[in-house]
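Here are the chains, one letter per residue:
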Amino acid sequence: MSESATAVLPPPAPAARTPRTAPKTMKATVFHGVGDLRVEEVPRPVPGPGEAVIRVTLTTICGTDLHIVRGEYPVRPGLIIGHEPVGVIAELGPGVTGYEVGERVLVGAITPCGQCRACLSGQHSQCGHGAGCEAIGGWRFGNTIHGAQAEYLLVPSAQANLAKVPDDLADEQVVLLADIASTGFGGAESGRIRIGDAVVVFAQGPIGLCATAGAKLMGAALIIGVDGDDRRLEMSKRMGADVVLDYRKTDVVAEVLKLTGGGADVAIEALGTQETFESCLRSLRPGGTLSSLGVYSGKLQVPYEAFAAGLGDHHIVTTLCPGGKERMRRLMEVVRHGRVDLTPLLTHSFPLDRIDEGYRLFGSRADGVLKVAIRP
Ligand SMILES: NC(=O)c1ccc[n+]([C@@H]2O[C@H](COP(=O)([O-])OP(=O)(O)OC[C@H]3O[C@@H](n4cnc5c(N)ncnc54)[C@H](O)[C@@H]3O)[C@@H](O)[C@H]2O)c1
Ligand SMILES: [Zn+2]
Ligand SMILES: [Zn+2]
């Protein structure tokens, strides 16, 4: 049997599928330095092998973006920020299969590669492989995507990260799944809430509100939401809290111990301070789980007596926002089947070229703002 010469050569790499009309530049939100964020015209990204470019149709601003603008998380000047995108596939790089230009997709805030040691060990959030990695505070947070507050976004490891949005779901119904809901639900899942558990969630910002909704999804019998903002406490009830406590007016730990008859099964920390971390620990029953979502700055101490001198059988777990297309698919199913509605959290809306107003409002927490829709 003779083999033709071409049969043993690898097939030529297919060219990127680029529509002829693709513009060369785009509007994007560029970080130039502390307090200096500008919407400007920049080159539009072009996908390389395994990558895709989406035209962003809806995005939002995250607390992490505020930290970046305030100089609390160092990133390089010139970075286009934003990591919560819904959009339409504009261009596919070579090697991305099973997708078409024009399909609507959601991309998680963390974009695991699906190939590295962390990914193949099931720890997708800890994927440290790829261009999206930014060193923050001396260590690396998984593959956080950057560039969603723009007209177009480059998606790395596209095969692992483009989650098709079902036709019956609007952008507004899914955009918050990319980050805050995946994180908040993740805190409830990592806490291994069981049907019938008593759960307390410290802080009812966007993350804590989603943790409250997550606790309900996991089957908690009693959910206690803690915050100091009346509108957020109101929203906490809407997201599933049975009881809300104002930390400014109540001895929260004493009240939690009373309401739960000796301590919560799971306490979720959704702020990132020594005070709330400690309050979580003090609110737990022996053997309970502290599920921590907050990002802490500086030293975090475990008080010896709240820790039962190390004999309390406590579990302390942390969660970094789970990403990847399978995570997004599952979360979209939760919304699609009416198990949760996150649209009340999207309180305000701005076009991309007025994103500075969105940042000011979101940063000031004025006017009952929870999340701001940004429309490129
Ligand atoms: N783990 C992750 O992957 C991940 C992802 C995104 C954000 N985060 C972190 O989650 C935390 C919360 O983010 P957010 O955007 O919801 O924050 P936010 O700043 O919008 O909300 C914080 C809330 O805490 C309340 N609060 C203040 N002091 C309190 C106290 N002593 N007790 C109870 N509530 C108190 C405030 O009233 C506010 O409503 C931050 O640390 C953020 O960096 C973690
Ligand atoms: Zn974020
Ligand atoms: Zn990986």
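Quick note: structure is the one above.
Here is a short report on the structure shown in this document. The structure displayed is predicted, hence computed values, not measured ones. (Residues numbered from 1 in each chain as written. Chains lettered and ligands numbered in written order. Predicted model: local features only at pLDDT ≥ 70, side-chain atom pairs only at ≥ 80, totals over all residues. Heavy atoms only, no water.)

## Digging into the coordination of the zinc ion (ligand 2)
A metal bound by six donors in octahedral fashion has ideal angles of 90 or 180 degrees, whereas one bound by four tetrahedral donors has an ideal angle of 109.5 degrees. How we decide: Here a donor is an N, O or S atom found within 2.8 Å of the metal, or within 3.2 Å if the metal is Na, K or Ca; sites may look incomplete because water is not among the atoms. A run of H or I in DSSP becomes a helix once it reaches four residues, and a run of E becomes a strand once it reaches two; helices and strands are each numbered from the N terminus. Per-residue accessibility, obtained with a 1.4 Å probe over protein chains only, is compared with the maximum for each type, and a residue is labelled buried under 20%, exposed over 50%, and partly exposed between these values.
Within the protein, Cys62 (SG), His83 (NE2) and Asp179 (OD) serve as the donor atoms for the zinc ion (ligand 2), at 1.8 to 2.2 Å. Within one chain, the residues serving as donors to the zinc ion (ligand 2) are arranged as C-x20-H-x95-D. Residue Cys62 is located in the loop between strand 3 (52-60) and helix 1 (63-69), and its partner His83 is located in the loop between helix 1 and strand 4 (86-92); the two are separated by 21 residues in the primary sequence. Like His83, Cys62 is buried.

## Overview of the sheet that holds strand 11 (residues 222-227)
Adjacent strands of a sheet pair through backbone hydrogen bonds, lying either parallel or antiparallel. Selection criterion: For two strands to be treated as a pair, DSSP must find at least two bridges joining them. Lines are fitted to the C-alpha atoms to define the axes, a helix being fitted only along its stretch in contact, and any angle between axes, read from their N-to-C directions, falls within 0 to 180 degrees. Any two residues having at least one pair of non-hydrogen atoms within 4.5 Å are treated as being in contact.
Taken in spatial order, the 6 strands line up as 12-11-10-13-14-15 in an open sheet, and their pairing is parallel. Where the open sheet ends on each side, the last strands, each with one partner, are strand 12 (243-246) and strand 15 (315-318). Neighbour-to-neighbour, the strand axes of this sheet turn through a mean angle of 20°, independent of strand direction. Note: strand 11 against strand 12, 4 bridges, orientation parallel. Bridge pairing in strand 12 links Val226 to Leu245. Sitting on the sheet, helix 6 (residues 206-218) touches strand 10 (198-202), strand 11 and strand 13 (264-269), and the angle it makes with strand 10 is about 170°. Contacting strand 10, strand 11, strand 12 and strand 13, helix 8 (residues 252-260) crosses the sheet at an angle of about 170° to strand 11.

## Focus: the site of ligand 1
The condition that has to hold: For this purpose, a residue is taken to be near a molecule or strand whenever a single non-hydrogen atom of the residue falls within 4 Å of it. Any N or O atom pair separated by 3.5 Å or less is treated as a polar contact, with the protein-specific requirement of one donor-capable and one acceptor-capable atom, and with residues adjacent in sequence counted only for side-chain atom pairs. Areas reported as accessible are Shrake-Rupley estimates using a 1.4 Å probe. Residue values count occlusion only from the protein chains shown. Only Asp, Glu, Lys and Arg are considered charged in this grouping, and only Ala, Val, Leu, Ile, Met, Phe, Trp, Tyr, Cys and Pro are considered nonpolar; every other residue, Gly among them, is considered polar.
Around ligand 1 there are 22 residues in total, and Asp227, Leu271, Thr319, Cys321 and Arg365 lie nearest to it. Within the side chain of Asp227, a nitrogen or oxygen atom sits 2.6 Å from an oxygen atom of ligand 1. Thr319 is positioned with one of its backbone polar atoms (N or O) 2.8 Å from a nitrogen atom of ligand 1. For ligand 1, the protein covers 87% of the area, taking 880 Å² as the surface of the free molecule. Of the residues in the shell around ligand 1, the class split is 12 nonpolar, 5 polar and 5 charged.

That's the geometry; what it means functionally is another story.
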